[in-house]
Amino acid sequence: MDILKNIKDKLPNEITEANFEGANIVLYTSSENFFKDGEPKIKAVVDEIKKRIELRADPKILPSQEETEKNIRKIVPEEAEITNIIFDVHRSIVIIEAKKPGMVIGKQGLVLDEIRKKTLWVPQVQRSAAIKSQITENIREVLYANNNYRRKFLNEIGEKIYKEWSPEKSEGWIRITFLGGARQVGRTGFLLQTPNSKILLDCGIDVAAQDKDKFPYLNVPEFSLSQLDAIIVSHAHLDHVGLIPYLYKMGYTGPVYMTPPSRDIAALISLDFIGVAYKQAATPLFSSKDIKEMVKHSVCLNFNEVTDVTPDVRVTMYNAGHCLGSSIIHLNIGNGAHNLVYTGDYKYGRSRLLDPAVVTFPRVETIITESTYGGRDRILPPRSKSEEELIEIINKTIKQGGKVLIPELGLGRAQETMLILEDAIKRDKLEKVPVYIDGMVWDINAIHTAYPDFLSGQVRNQVFRDNNPFTSEIFSRVGSPQERKNVVEGGPCIVLATSGMLVGGASVEYLKEFASNEKNSLIFVCYQGVGSLGRQIQEGIKETRMIVDGREEIIKINLAVHILEGFSAHSGRNEIMAFFNNMRPKPKRIIITHGEVSQSLDLASALYKINRVETNVPRNLDTLRLK
Ligand SMILES: [Zn+2]
């Protein structure tokens, strides 16, 4: 069925063009009157076909950019502080960047409505970033520079989705193959197949592993890049997203779906990844050109936004509470014939930065859950206790004249740690010592402030009220080798630095300097992968070989080592069990992945005992049939 022709037949002749933007349908009209008053007719069609339709003015009838900009500045109150107005001429859209986007929208969208009616351009509003971020600007540039390509690309996605379009329930089979990340943490990649779809869920790199164990098994008969319809990303940690630029390098040209913050962070984290490779004199897997391709082919979804990705798969992303933009992916397959939830990594517990993971879904038959802390002994201590402990360790270290190193994943708990430190200093619980931020953390801060809608209610309000905790004066950025030297030679301080598992990056540079002095402290607040230097230090090694100024040296680990598990971005065993207790509706089948084998098996038996539903703990390369 040709859905575009179907729609055009139902509407007056003024529709000059109809095309797709992904799963959305866009109509262009040359009639000013229909553009202004056609909504009821459009709505009637939407109700009938149950697809989103957007009406835009044909470029032929649009007033000039100059005139439009003048009009917009007249309509929008000055207090909105417009910082930029950008025209997407191929799509008749005008993007308005402002410090107070709410004032550009107006009460019940009244201001936007006026802009639309007076200028005929379709206005979109963006918040101006509180911290300038090169990466966010670069990404916007890539997208704008490729506007015309994207228009064609999004139309092709739509054509593919609607080629087999049928509003009926499908009776086809569904299978899922675990290419990586089963009975292990790292290199997640699952291939979902139906008669009409091949979709890859995540595609990560295990940075702590060696050689080919770093990557999911892509060299298997059922996986073919040229037949892949879509990639869906749960969140932008390397073990979920790291290999995606490489897929573009190898010739993939299809869409990758993720939230807007995940896109920005994925680009940043991939750039950092190849940077680390260069520093270790290794050949990077891919180049910045391939990262650009990923950005060019990204299709961003906000939480709770439903969209078709193939003829028989519809996706919705929900807050996972794990890191900025992290999502639980709900897949409606075959028009409701089967509903699969993939949790990605999730936190079902309170944190300062993010709201807890969502537990209510429209329908669920099967759920795939992570099990990083799935074992019965992995009950995380209460947050308040861990926060107190953190402050205590820092105070003690500072008092004895030492320095504190906290290795952080670029994305996630560094911002959480910053919120705790900022609050403690504000309340005089922590001495006011310098807090240095090194590595990728600063850029990630900028991305956090660019997407306040993805933050917890409290932090969001702080950002809205110009009381942005990430721009607090207590934090100093370390940007150059000289600045780093000053930190090393200076007095007591706190250093937050990437990478989180002490696998390359700034944190390793600080460790070299801090390790031998027993007055210093090393505090682990995130998961340490098997084989990583972080894990080895947790297990008690007393010395390690490191490259210092080009020569291998033995570094003694004399500093105090602390492990604080309460800050985990993953759900502890108790939180996973609570998630399943509160989850609605109840799943009929639970698949356990993303955990060391003992953790996954232990969680499986506990979930089985309580829920009495089929539980599976697949191995890598196993395929399960869901329907
Ligand atoms: Zn993660």
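Residues numbered from 1 in each chain as written. Predicted model: local features only at pLDDT ≥ 70, side-chain atom pairs only at ≥ 80, totals over all residues. Heavy atoms only, no water.

All right, on to the environment of M546 then. Position of M546 relative to the elements: it lies in strand β23 (residues 543-548). Judged by relative accessible area, M546 falls into the buried class, the value being 6%. Residues M546 and A604, spaced 58 residues apart in sequence, show a C-alpha to C-alpha distance of 40 Å. (Helix = DSSP H or I, 4+ residues; strand = E, 2+ residues; numbered from the N terminus. Buried < 20%, exposed > 50% of the residue type's maximum accessible area, 1.4 Å probe, protein only.)

Listed in full, the buried residues belonging to helix α20 (residues 573-582) are R573, E575, I576, M577, F579 and F580. If you follow the buried residues of α20, they end up packed against β15 (327-333), β17 (366-370), β26 (589-593) and α21 (597-611). (Contact = heavy atoms within 4.5 Å.)

Take the sheet that holds strand β22 (residues 521-524) next. Ordered in space as β20-β19-β21-β18-β22-β25, the six strands form an open sheet in which the pairing is parallel. If you trace the sheet from one side to the other, it starts and ends with β20 (475-477) and β25 (560-563), each paired once. Averaged over all neighbouring strand pairs, the angle between strand axes comes to 25°, with direction disregarded. Relative to β22, strand β18 (residues 404-407) runs parallel, the two being bridged by two bridges. Within the sheet, the bridge partner assigned to L405 lies in β22 and is L522. (Pairing = 2+ DSSP bridges. Axes fitted to C-alpha atoms, helices over the stretch in contact; angles between N-to-C directions.)

Attention now moves to the sheet that holds strand β12 (residues 298-300). As a general point, the strands of a sheet are linked pairwise by backbone hydrogen bonds and lie either parallel or antiparallel. The strand order across the open sheet formed by seven strands is β12-β11-β10-β9-β8-β7-β28, and the pairing between neighbours is mixed. The strands lining the two open edges of the sheet, one partner per strand, are β12 and β28 (623-625). Mean inter-strand twist for the sheet, computed between neighbouring axes without regard to direction, equals 25°. Contacts from helix α11 (residues 260-279) reach β11 (256-258) and β12, with the element oriented near 115° to β11.

What follows deals with the environment of N574. Summarising the element assignment, N574 is placed in helix α20. Each C-alpha atom, one on N574 and one on G375, is 9.7 Å from the other, the two residues being 199 residues apart in sequence. With residues up to four places along the chain from it excluded, the contact list for N574 reads R378, I379 and L380.

A separate point is the side chain of E365. One can find E365 in the loop between β16 (338-342) and β17. Note on E365: relative accessible area 12%, which makes it buried. Engagement of the side chain of E365 in a polar contact is seen with the side chain of R363, the distance being 3.2 Å. When sequence neighbours within four positions are dropped, the list of residues in contact with E365 reads H338, N339, P587, K588 and R589. (Polar contact = N/O pair within 3.5 Å; in protein donor to acceptor, adjacent residues only side chain to side chain.)

Two numbers describe how helix α14 (residues 413-426) lies on helix α15 (residues 441-450): the axes approach to 10 Å, and their chain directions differ by 80°. What the angle tells us is that α14 and α15 run roughly perpendicular. Between α14, through A414, Q415 and M418, and α15, the contact on the second element is made entirely by V441, I444, N445 and H448. When its residues are assigned to classes, the contact of α14 with α15 shows four nonpolar, three polar and no charged. (Parallel < 35°, antiparallel > 145°, perpendicular 65-115°, else oblique. Nonpolar A, V, L, I, M, F, W, Y, C, P; charged D, E, K, R; others polar.)

Most of β17 is tucked away: five of the five residues are buried. Here β16 pairs with β17 via three bridges, running parallel. The residue of β17 that forms the bridge with L340 is T366. Taken together, the five bridges between β17 and β26 define a ladder with parallel strand orientation.

With six bridges joining them, β23 and strand β24 (residues 551-556) adopt antiparallel strand pairing. Bridged to I547 within β24 is E552. Taken together, β23 and the strand that follows it, β24, pair antiparallel across an intervening segment of two residues, in which D549 is found at a positive phi of about 50°.

For the structure shown, the criterion picks out 15 aromatic pairs. For the ring pair Y346 and F579, a centre distance of 4.6 Å and an interplane angle of 45° mean the geometry is tilted. Taken as a pair, Y346 in the loop between β16 and β17 and F579 in helix α20 lie far apart in primary sequence, 233 residues in all. There is no split in this pair, since Y346 and F579 are both buried. Through pairs of rings, three or more aromatic residues link up here, namely Y346, Y348, F579 and F580. The positively charged end of R116 is found above the aromatic ring belonging to F35, 4.1 Å away from the centroid. One cation-aromatic arrangement involves K296 over Y149; the distance from NZ or CZ to the ring centre is 4.4 Å. (Phe/Tyr/Trp six-rings, centres within 6.5 Å; stacked < 30°, edge-to-face > 60°. Lys NZ or Arg CZ within 6 Å of the ring centre and 35° of its normal.)

Following the sequence through the fold, L238 ends up in helix α9 (residues 238-241). Put simply, L238 and A414 are 176 residues apart on the chain and 16 Å apart in space, counted from C-alpha to C-alpha. Leave out the neighbours within four places in its chain, and L238 touches G204, I205, V207, I269 and F273.

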